[in-house]
Structure formats: structure tokens, C-alpha cells
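# Tertiary structure, described
Spelled out from the first residue to the last, the chains are:
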Amino acid sequence: MAMDLLTVLDAAVATLKAPLGEDDRAQGWTYDLRREVQAEISINRSVLRRHGLGMARHLHPGLDDWMEHEGVQPGRLRSLVDDVQRSLMAARTMT
């Protein structure tokens, strides 16, 4: 389970490090927002690598509200963040 979660987090970080596409910007993503979300996922990934699944937690508690406030629409990056949240919560319930 830990390797699966780390794979999900690695893929999410790599995707969020890439430049935003036209569709991403049209869905409300900015470079600042992308960097903030990527940093949050990176922190979780580092904690999990050092301390194991017992430290799995959801991303920033108000992340959904924040993205909504920023006007982020459904799309590839929003789905990616949702998948990360679900994976982290599933790992948390497994510990």
C-alpha cells in the first residue's frame, strides 16, 4: 500500500511541476496555485517516506474551498488533486 501511495504522489508531483497547459489555465489554475498544491503534496510524500503510512493525512483541510475560491473548474489537475486526497485518506484508514 505504501508503494502504491508513493507512486500516486510521485506522479502527482511530476504532473504539477510541468508547465500549465492552455486548458489548465482556462480551468482557473495559476502558476502560484499549482506551486502551492505541488508543495503540499511534496511535503506529504516526504513525511510518508520518512515515517511511513501512519503519518498519511489529507492535504490542506481547506484545499477544496481554496480551489473553489480561486475559481478552479473540474479538469485534469482538479481530478489529480482529488485522486491524491482519496489515496491519502484510504491509506490513513488502512493504518
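Below is a short write-up of the structure. Just so we're clear, the structure is a prediction, and the values are computed from it rather than from any experiment.

### Remarks on the overall build of the protein chain
When its secondary structure is counted, the protein chain shows 5 helices and 0 strands. When its helices and strands are written in sequence order, the protein chain yields α-α-α-α-α. Over its C-alpha trace the protein chain gives a radius of gyration of 13 Å, about what one expects of a compact globule, namely 12 Å for 95 residues. Overall, the C-alpha framework of the protein chain stretches about 40 × 25 × 15 Å when taken along its three principal axes.

### Re the environment of threonine 15
As for its position among the elements, threonine 15 is in helix H1 (residues 2–17). Separated by 62 residues in sequence, threonine 15 and leucine 77 have C-alpha atoms that sit 8.3 Å apart. The residues touching threonine 15, leaving out its near neighbours within four places in the chain, are Arg76, Leu77 and Leu80.

### Re helix H3 (residues 31–51)
Taking 1.5 Å per residue as the helical rise, H3 with its 21 residues ought to reach 30 Å, and the 30 Å between its terminal C-alpha atoms agrees with that figure. Listing the buried residues of H3 in full gives Leu33, Arg34, Val37, Gln38, Glu40, Ile41, Ser42, Asn44, Arg45 and Leu48. Positive backbone phi, at 90 degrees, marks glycine 52, one or two positions downstream of H3.

### Description of the pattern of salt bridges
Evaluated as defined, the whole model comprises 5 salt bridges. Ionic pairing is found between aspartate 24 and arginine 76, a salt bridge with its closest N-O pair at 2.6 Å. Of this pair, aspartate 24 sits in helix H2 (residues 22–26) while arginine 76 sits in helix H5 (residues 76–94), placing them 52 residues apart in sequence. When its relative accessible area of 45% is taken as the criterion, arginine 76 is described as partly exposed. We note a salt bridge from aspartate 83 to arginine 86, for which the minimum N-O separation is 2.2 Å. Of this pair, aspartate 83 and arginine 86 both sit in helix H5, 3 residues apart, roughly one helical turn. Residue aspartate 83 is classed as partly exposed on the basis of its relative accessible area of 36%. Each of Asp10, Arg45 and Arg49 takes part in salt bridges that share partners, so that together they form one network.

Each value, and the rule that gives it
Residues numbered from 1 in each chain as written. Predicted model: local features only at pLDDT ≥ 70, side-chain atom pairs only at ≥ 80, totals over all residues. Heavy atoms only, no water. Helix = DSSP H or I, 4+ residues; strand = E, 2+ residues; numbered from the N terminus. Rg over C-alpha atoms; globule rule 2.2 N^0.38 Å. Contact = heavy atoms within 4.5 Å. Expected span 1.5 Å × (residues − 1). Buried < 20%, exposed > 50% of the residue type's maximum accessible area, 1.4 Å probe, protein only. Salt bridge = Lys/Arg side-chain N within 4 Å of Asp/Glu carboxyl O.

Interpretation note: all reported values are geometric properties and have no functional meaning in isolation.
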